[in-house]
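# Fold and geometry: a report
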Amino acid sequence: MSDALHRAAEAIRGARCAIALTGAGISVESGIPPFRGKGGLWLKYPPEEYASIDGYLRNPGKVWRFWLELAQTLGGCRPSPAHYALAELESAGRLEAVITQNVDRLHQEAGSNNVIEFHGNFSRLACLDCGATRPTDLEHLDERPPRCHVCSGLMKPGFVMFGEMIPTDALIEADRLAQVCDVVLVVGTSANVFPAASVPITAKRHRAFIIESNIEPTEFTESVTDAFLEGPAGEVLPRLVELV
Ligand SMILES: [Zn+2]
């Protein structure tokens, strides 16, 4: 581990362009429940029911109450030392961007400025009929699904649901970065979720150095990873940043 940590720090120090790719694992230490895997939210709340447009249209009241509770949970969470470590790398000029699959905005809260969100976030509501948007004001929302102020159509939070497209500008920018960067720091995400998983794979094809911080080995570890940092990101990343 110590050897991998030193090689990782050296790679970041020598990089012209380093980026990070983060997933649910980085936010678990902030108290945000994981969505996938054992103990994940999607086991208890099937995503086809609770996280798809069709599920929402079938039963807006039930699904909205679930989202409201989730948004309140997210709102009460604070960034972990891992989020702060990435923000520190950016402000030191050592990290170009964070590409995240998370919708919790903890990277921004920790101080990261260039955050590419594959799955959107809860900060705005969008009308399903006319497309009008407004900020998600949790204090003035209740258990009734929100209605549009323009056309009174049903509104949904601005995160990407199952059955929806990942925002094109996020995909294009992530792919561009994957091709030009020389270091990718993968944090708290496995190789199972595409298109996010294609970022380190593309970067590796362009000869980037891949650092992986996960609590256990993933399919990346044997295939693309150059330095595997095993353990909680909240412990590993601050040590890495210190070395850099
Ligand atoms: Zn509307």
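Described in the following lines is the structure provided in the data block. All values reported here derive from a predicted model rather than from experimental measurement. (Residues numbered from 1 in each chain as written. Predicted model: local features only at pLDDT ≥ 70, side-chain atom pairs only at ≥ 80, totals over all residues.)

### Here we look at the pairing of strand β6 (residues 155-159)
- Of all 5 residues making up β6, 4 are buried, and the element is well covered by its neighbours.
- Where strand β4 (residues 120-127) and β6 come together, 4 bridges link them in antiparallel fashion. Paired with Gly120 across the strands is Phe159, a residue of β6. (Buried ≥ 20, exposed ≤ 12 C-beta atoms within 10 Å, placed from the backbone. Helix = DSSP H or I, 4+ residues; strand = E, 2+ residues; numbered from the N terminus. Pairing = 2+ DSSP bridges.)

### Describing the environment of Thr22
- Its location among the elements puts Thr22 in strand β1 (residues 18-22).
- Residue classification places Thr22 among the buried positions, given that 27 C-beta atoms sit within 10 Å.
- The spatial distance from the C-alpha of Thr22 to the C-alpha of Leu185 is 8.3 Å, given a sequence separation of 163 residues.
- Aside from chain neighbours lying at most four places away, what touches Thr22 is Val98, Thr100, Asn102, Val187, Gly188 and Thr189. (Contact = placed C-beta atoms within 7 Å.)

### Description of the sheet that holds strand β8 (residues 209-214)
- Across the sheet, which stays open at both edges, the 6 strands sit in the order β3-β2-β1-β7-β8-β9 with parallel pairing between neighbours. Each of the sheet's edge strands pairs with one partner strand only, and the pair in question is β3 (115-117) and β9 (227-230). Across the sheet, the mean angle from the axis of one strand to that of its neighbour is 15 degrees, orientation sign disregarded.
- Alignment of strand β7 (residues 183-187) against β8, held across 5 bridges, turns out to be parallel. What sits directly across from Val183, in β8, is Phe209.
- Each of β1, β2 (97-100) and β3 is contacted by helix α9 (residues 168-180), which is oriented at about 125 degrees to β3, the strand it contacts most. (Axes fitted to C-alpha atoms, helices over the stretch in contact; angles between N-to-C directions.)

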